[in-house]
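# Overview (structure and organization)
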Amino acid sequence: MLQAFDFLKESLKNLKTVGSVARSSSFLCKAMIDPIDFSKNQVIVELGPGDGVITEYILERMTEESTLIAIEVNETFCEKLKQINDKRFFVVNQSAEHLDEILKHHGYKECDAIVSAVPFVVLPDDLTDKILAKCHLVLSQKGLFIQYHYSLFLKKMYNKIFSNIETDFIPINIPPAFVFICQK
Ligand SMILES: C[S@@+](CC[C@H](N)C(=O)[O-])C[C@H]1O[C@@H](n2cnc3c(N)ncnc32)[C@H](O)[C@@H]1O
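Residues numbered from 1 in each chain as written. Predicted model: local features only at pLDDT ≥ 70, side-chain atom pairs only at ≥ 80, totals over all residues. Heavy atoms only, no water.

### Looking at the sheet that holds strand E2 (residues 67-71)
We count it as follows: In short, DSSP must find at least two bridges between two strands for them to pair. For the purposes of this entry, the term helix denotes a DSSP run of H or I that reaches at least four residues, the term strand denotes a run of E that reaches at least two, and both are numbered from the N terminus. Axis definition: a line fit to C-alpha positions, over the contact stretch in the case of helices; interaxial angles, taken between N-to-C directions, run 0 to 180 degrees. In what follows, residue pairs with any heavy atoms lying within 4.5 Å of each other are defined as contacts.
Taken in spatial order, the seven strands line up as E3-E2-E1-E4-E5-E7-E6 in an open sheet, and their pairing is mixed. The open sheet has two edge strands with one neighbour each: strand E3 (89-92) and strand E6 (164-170). Each strand of the sheet is rotated relative to its neighbour by a mean of 15°, with strand direction disregarded. Where strand E4 (residues 111-116) meets strand E5 (residues 139-149), five bridges bridge the pair, whose relative direction is parallel. Paired with Ser116 across the strands is Gln147, a residue of E5. Sheet strands in contact with helix H4 (residues 53-61) are strand E1 (43-47), E2, E3, E4 and E5, and its direction is about 170° off that of E1. In the packing of helix H7 (residues 125-138) onto the sheet, the strands contacted are E1, E4 and E5, and the crossing angle to E5 comes to about 145°.

Right, dumping it as structure tokens:
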């Protein structure tokens, strides 16, 4: 409850970048990571982790040799994320369009999955384009890009970038959400 209130406070201060007043529900968190094959070692990038509600689910399911890199523009959320003490987990306080340099800095050319909650609907179009181009660039051949939105409005945009897109509807969330599961 306290976490939900803190998230609301931070969100109201930064409406143009946070894009939501409520953290994702457990149903949405699970739907966002279910498509990932956690039986294998994975390099996963999380974009817009906020205070880490989805992060916790990813870390719980990842193998010991997997890596999770969280990229978040909001400094307050990054401070919160840095309290997670896990040798497989790295927090970067930057914007998602630097994804390729950030991966390289951590010793990786590509990643296996990108879990994104970046609110593209409220970001400038050119920034959205840059971020999505970088996502496509760094994904491995069979890599997955997984994103949620509160409408199907942006599906056309993903159709232009990714080869195969599945959608899932999660009614138990505020507001109800669509999950886009995209293959490179
Ligand atoms: C809707 S919140 C999602 C928070 C959390 N992942 C959840 O599902 O409840 C969107 C997050 O994206 C972050 N964000 C917005 N623009 C970003 C960017 N360009 N790069 C990285 N993170 C960004 C915001 O600061 C915010 O934490």
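That shown, we press on.
### A word on the site of the ligand
Where we set the bar: The cutoff for a nearby residue is simple: one of its non-hydrogen atoms must lie within 4 Å of the molecule or strand. The method behind every accessible area is Shrake-Rupley, applied with a 1.4 Å probe, and residues are considered shielded solely by the protein chains displayed. For this classification, the nonpolar set comprises Ala, Val, Leu, Ile, Met, Phe, Trp, Tyr, Cys and Pro, the charged set comprises Asp, Glu, Lys and Arg, and every other residue, Gly included, is treated as polar.
Not every one of the 23 residues close to the ligand is listed here, only the nearest: Ser24, Glu72, Ser95, Ala96 and Tyr148. Within the complex, the protein chains bury 99% of what would otherwise be the 600 Å² of accessible surface of the ligand. Within the residue set of the shell around the ligand, elements represented by two or more residues are helix H2 (15-18) and H4. Looking at the shell around the ligand residue by residue, the class counts come to 13 nonpolar, eight polar and two charged.

### Side note on the pairing of E6
Note: E6 against strand E7 (residues 177-183), seven bridges, orientation antiparallel. Counted as the bridge partner of Asp168 is Val179 from E7.

### Some thoughts on the packing of aromatic side chains
The test is simple: Between rings of Phe, Tyr and Trp, where Trp is taken as its six-membered ring, a pair exists when centres lie within 6.5 Å; planes separated by under 30 degrees are stacked, by over 60 edge-to-face, and by other angles tilted. Relative accessibility under 20% of the residue-type maximum defines a buried residue, over 50% an exposed one, and the middle range a partly exposed one, all with a 1.4 Å probe and only protein chains included.
Going through the model one piece at a time under the given rule, you end up with six aromatic pairs. Note on Phe145 and Phe162: the rings are 5.1 Å apart at their centroids and 10° apart in plane angle, and the pair reads as stacked. Of the two residues, Phe145 is situated in strand E5 and Phe162 in the loop between helix H8 (155-161) and E6; the sequence distance between them amounts to 17 residues. Across the pair, Phe162 and Phe145 agree in class, each one buried. For the ring pair Tyr148 and Tyr150, a centre distance of 5.8 Å and an interplane angle of 45° mean the geometry is tilted. Accessibility expressed as a relative area gives 10% for Tyr148, which makes it buried. One aromatic cluster is present, built from ring pairs that chain together Phe145, Tyr158, Phe162 and Phe180.

### Notes on the packing of helix H3 (residues 26-33) against H4
For clarity, the threshold we go by: Here the angle decides the label: under 35 degrees means roughly parallel, over 145 means roughly antiparallel, 65 to 115 means roughly perpendicular, and every other value means oblique. Crossings are assigned a handedness: left-handed for a near helix turned anticlockwise from the far helix by less than a right angle, right-handed for a clockwise turn.
At their nearest, the axes of H3 and H4 sit 9 Å apart, and the two run at 50° to each other. Between H3 and H4, the crossing angle belongs to the class labelled oblique. Between H3 and H4 the crossing geometry is right-handed. Residues Ser26, Cys29, Lys30, Met32 and Ile33 of H3 pack against Val53, Ile54, Tyr57, Ile58 and Arg61 of H4. Split into classes, the residues belonging to the contact of H3 with H4 amount to seven nonpolar, one polar and two charged.

### With respect to the pattern of salt bridges
For clarity, the cut-off: Salt-bridge detection follows one rule: a side-chain nitrogen of Lys or Arg within 4 Å of a carboxyl oxygen of Asp or Glu.
Evaluated as defined, the whole model comprises seven salt bridges. Residues Lys13 and Glu10 are paired through a salt bridge, measuring 3.3 Å at the closest nitrogen-oxygen approach. Placement of both Lys13 and Glu10 in helix H1 (residues 2-13) is noted, with a separation of three residues, approximately one turn of the helix. Here Lys13 falls in the exposed class, since its relative accessible area comes to 62%. Residue classification places Glu10 among the buried positions, given a relative accessible area of 7%.

So far we have only geometry, and geometry alone does not tell us how the molecule works.
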